[in-house]
Amino acid sequence: MGRVEKIRENLLRALKPGHLEVIDESEKHRGHAGYQEGGQSHFHVVIQADSLRGLSRIARHRAVHEAIGKDLMTEIHALSVDIRD
């Protein structure tokens, strides 16, 4: 299972989002620091989850990082998150 699937699975299990997109944007970063041949290093997550409502921006991002998991986060070079209400 690739990192996109692992990220998706962890977020679905932990946050039960109504909307979730996990996009591997690694190719956009070819030649930059952290790029890994074959991709799977730079990700963009778009998420809407009722469990994130009412939290501060920092708390929302922390919740997403925690849901993804410490081990998986260490494998990711860059993660951008778009949290929608």
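Residues numbered from 1 in each chain as written. Predicted model: local features only at pLDDT ≥ 70, side-chain atom pairs only at ≥ 80, totals over all residues. Heavy atoms only, no water.

Chemist: Explain the environment of Ala14 to me, and be specific about the residues and the numbers.
Modeler: Inspection of the secondary structure puts Ala14 in helix H1 (residues 3-15). Through-space distance from the C-alpha of Ala14 to that of Val64 is 8.8 Å; in sequence the pair is 50 residues apart. (Helix = DSSP H or I, 4+ residues; strand = E, 2+ residues; numbered from the N terminus.)

Chemist: Let's hear about the pattern of salt bridges: which residues, and what values?
Modeler: Under the criterion given, the structure shown has five salt bridges. Note that Arg3 is salt-bridged to Glu75, the shortest N-O span being 3.1 Å. Taken together, the positions of Arg3 in helix H1 and Glu75 in helix H3 (residues 70-75) put the pair 72 residues apart, joining distant regions of the chain. Of the residues examined, Arg3 reaches a relative accessible area of 17% and is grouped as buried. By relative accessible area, which is 30% here, Glu75 ends up partly exposed. Here Arg13 ties to Glu9 by a salt bridge, and the two come within 3.1 Å at their closest N and O atoms. Of the two residues, Arg13 and Glu9 both sit in helix H1, four residues apart, roughly one turn of that helix. (Salt bridge = Lys/Arg side-chain N within 4 Å of Asp/Glu carboxyl O. Buried < 20%, exposed > 50% of the residue type's maximum accessible area, 1.4 Å probe, protein only.)

Chemist: Mind laying out H1, listing which residues take part and the relevant values?
Modeler: Taking 1.5 Å per residue as the helical rise, H1 with its 13 residues ought to reach 18 Å, and the 18 Å between its terminal C-alpha atoms agrees with that figure. Listed in full, the buried residues belonging to H1 are Arg3, Val4, Ile7, Asn10, Leu11 and Leu15. The buried side chains of H1 occupy one side of the element, clustering within an arc of 140 degrees when seen end-on. As for H1, its buried residues are in contact with strand E1 (19-24), strand E2 (42-48), helix H2 (57-68) and H3. Note on H1: the residue one or two positions beyond its end, Lys16, has a positive phi of about 45 degrees. (Expected span 1.5 Å × (residues − 1). Arc of directions from axis to C-beta. Contact = heavy atoms within 4.5 Å.)

Chemist: How would you summarise the nonpolar core if you had to cite specific residues and measurements?
Modeler: Counting residues in hydrophobic clusters, the biggest one holds 19 residues, and the most contacted among them are Ile7, Leu11, Leu15, Ile47, Val64 and Ile68. If you list the elements that add at least two residues to this core, you get H1, E1, E2, H2, H3 and strand E3 (78-83). Of the residues forming this core, the biggest block, four residues, is contributed by H1. Excluding residues within four positions of it along the chain, Ile7 makes contact with Val22, Phe43, Val45, Ile68, Leu72 and Ile76. (Core = buried A, V, L, I, M, F, W, Y, C linked by side-chain atoms within 4.5 Å.)

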